[in-house]
Amino acid sequence: MSVDFNVLATPGIQGLQPYQPGKPIEELQRELGLTKIVKLASNENPLGCSPLVAEAINRALPQLARYPDGGGFELKNALARHCQVAPEQIILGNGSNDVIDLLAMTFLAPGRSAVFSEHGFIVYPIITQAVGARAIQVPAQHWAHDLDAMAAAIEEDTRLVFVANPNNPTGTWHGQAAIEDFLSRVPAEVIVVLDEAYFEYSGEAGGSDGLRLLGRFPNLVVVRTFSKAYGLAGLRVGYSVSGADIAELVNRIREPFNVNSLAMVAAVAALQDQDFVQRSRDINSEGMAQLVAGLQALGLEYIPSAGNFVSVDMGTDAATMYRKLLAEGVIVRPIGAYGMQRHLRISIGLADENAFLLECLHKVMSA
Ligand SMILES: *Cc1c(COP(=O)(O)O)cnc(C)c1O
């Protein structure tokens, strides 16, 4: 007799669909044997990362047999200086996804609820369901978070509200005044997780800086990452900044060594190279302009984005276009799982990568 392990999983896990990451370059290479492949699927930094990172990692290699500093002293201090907060206000994570999961595990459980937006970052519904909490998904407005409706959707048992600003995969964003106004309407005992994964890119468009609101809102947790503008997605390191009281609670369940030693030295080095971040921003603005001009020329509608990606309305079932682009050697991201069947999300690449994508799009659209 075989055991049905599915019924043994927790109710939250039983109905869960796993996260679908962007297709790795090597996988497409194995499948199609293509030589030229351009990946614009995971909002990675096309410039790579600062050269200071490789030096720092090399210096740390002799210590690989040692456990990392579980308290993250060096990185927390570097971040505290960078963010002008106290080290006790920081939670380090194995990617910011880890921090989001830890916040959910700390404050959510069966009998409690979390509020997030339709088309919001998919990690929020996944972790809410995994911990057995109830999801309150608020309809988006023109693809963006409807902050008024989100504040109004908060119920008695709501413990967390997730706001991605800018949001992935829509790229939509709200300015500082709108975020501030939203926070002033959220009850003081409901925690707002403000996910600013694209903070370094969104300033130009007028995105928020949650750190400046921490003093006024003790229920605010600002989440940021080294995976995007800092170009360290492969190392997995992210963090949050909040009141020290919230950080202390979350740290009770954090794995003692959740961030590895190479990730921590890399993040410290990356913080020191703000010129690299500025170059990344510049390349992104130029690439965004190039891409949207090309999309317009192809007659495609897109959602204006403050991130390093743009979601494009393919006007038809985007999954088919996705597969046709794969055959040409371009990996983008289908976002049907976000309730966006007609859209493809395209990350901004280097000029020649963007040009190749546009060329392939033109080819598959006219075929
Ligand atoms: C990419 C992304 C993250 C972070 O990912 P990590 O690599 O886990 O730091 C968090 N939130 C949003 C909205 C993202 O797009």
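Before reading further, recall that the structure is shown in the block above.
Residues numbered from 1 in each chain as written. Predicted model: local features only at pLDDT ≥ 70, side-chain atom pairs only at ≥ 80, totals over all residues. Heavy atoms only, no water.

1. Remarks on the overall build of the chain
No. 1: Along the chain, the regular secondary structure elements total 14 helices and 13 strands.
No. 2: In summary, the chain has a C-alpha radius of gyration of 21 Å against a globular reference of 21 Å for 367 residues, a match within 12%.
No. 3: C-alpha atoms of the chain, sized along the principal axes, occupy 60 × 60 × 50 Å.
No. 4: Classification of the 367 residues of the chain by burial places 52% in the buried group.
No. 5: Long-range contacts, defined as pairs at least 24 residues apart, comprise 74% of the intrachain contacts of the chain with a sequence gap of at least 6.
No. 6: Roughly 16400 Å² of accessible area belongs to the chain as shown, and the carbon and sulfur atoms make up 54% of that amount. (Helix = DSSP H or I, 4+ residues; strand = E, 2+ residues; numbered from the N terminus. Rg over C-alpha atoms; globule rule 2.2 N^0.38 Å. Buried < 20%, exposed > 50% of the residue type's maximum accessible area, 1.4 Å probe, protein only. Contact = heavy atoms within 4.5 Å. Areas by Shrake-Rupley, 256 points an atom, 1.4 Å probe, with all protein chains shown as cover.)

2. With respect to the pattern of salt bridges
No. 1: Summed over the entire model, instances satisfying the criterion amount to 14 salt bridges.
No. 2: With its nearest N and O atoms 2.9 Å apart, the salt bridge here joins K23 to E27.
No. 3: Judged by its relative accessible area of 13%, K23 is buried.
No. 4: Its relative accessible area of 26% is what places E27 among the partly exposed residues.
No. 5: A salt bridge links R185 to D148; the shortest N-O distance between them is 2.9 Å. One end of the pair, R185, is in helix α8 (residues 176–185); the other, D148, is in helix α7 (residues 147–152), and 37 residues separate them in sequence.
No. 6: Using a relative accessible area of 36% as the deciding quantity, one classes R185 as partly exposed.
No. 7: Among the charged side chains, a network of salt bridges with common partners joins E196, D209, R212 and R224. (Salt bridge = Lys/Arg side-chain N within 4 Å of Asp/Glu carboxyl O.)

3. Here we look at the layout of surface pockets
No. 1: Estimates place the volume of the largest pocket at around 570 Å³.
No. 2: Around the largest pocket sit 29 residues that line it, and P18, Q20, I122, A337 and Y338 are the ones nearest its centre.
No. 3: Looking at the lining of the largest pocket, the elements with two or more residues in it are β3 (113–117), α6 (123–130), β4 (134–138) and β12 (333–335).
No. 4: The residue makeup of the lining of the largest pocket, split by class, is 16 nonpolar, nine polar and four charged.
No. 5: Of the pockets and cavities examined, the second largest pocket occupies roughly 490 Å³.
No. 6: Around the second largest pocket sit 26 residues that line it, and Y19, S42, F121, K228 and R236 are the ones nearest its centre. (1 Å grid on protein atoms, 1.4 Å probe; cavity = no way out; pocket = protein on both sides within 12 Å on 5 of 7 lines; lining within 4 Å. Points joined across faces, edges and corners; volume = space filled by probe spheres on them. Nonpolar A, V, L, I, M, F, W, Y, C, P; charged D, E, K, R; others polar.)

4. Observations concerning the site of the ligand
No. 1: Surveying the vicinity of the ligand reveals the residues G95, S96, N97, F121, N168, D195, A197, Y198, T225, S227, K228 and R236.
No. 2: T225 places a polar side-chain atom, nitrogen or oxygen, 2.5 Å from an oxygen atom of the ligand.
No. 3: One of the side-chain nitrogen or oxygen atoms of S227 is found 2.6 Å away from an oxygen atom of the ligand.
No. 4: Protein chains shield 93% of the accessible area of the ligand, which is 390 Å² for the free molecule. (Near = heavy atom within 4 Å. Polar contact = N/O pair within 3.5 Å; in protein donor to acceptor, adjacent residues only side chain to side chain.)

5. Digging into the sheet that holds strand β9 (residues 301–303)
No. 1: Spatial strand order, β9-β10-β13-β12: four strands in an open sheet with antiparallel pairing. Where the open sheet ends on each side, the last strands, each with one partner, are β9 and β12. Between one strand axis and the next, the sheet turns through 35° on average, direction left out of account.
No. 2: Direction of pairing for strand β10 (residues 309–313) relative to strand β13 (residues 340–347): antiparallel, over a ladder of five bridges. Across the sheet, V312 pairs through a bridge with L344, a residue of β13. (Pairing = 2+ DSSP bridges. Axes fitted to C-alpha atoms, helices over the stretch in contact; angles between N-to-C directions.)

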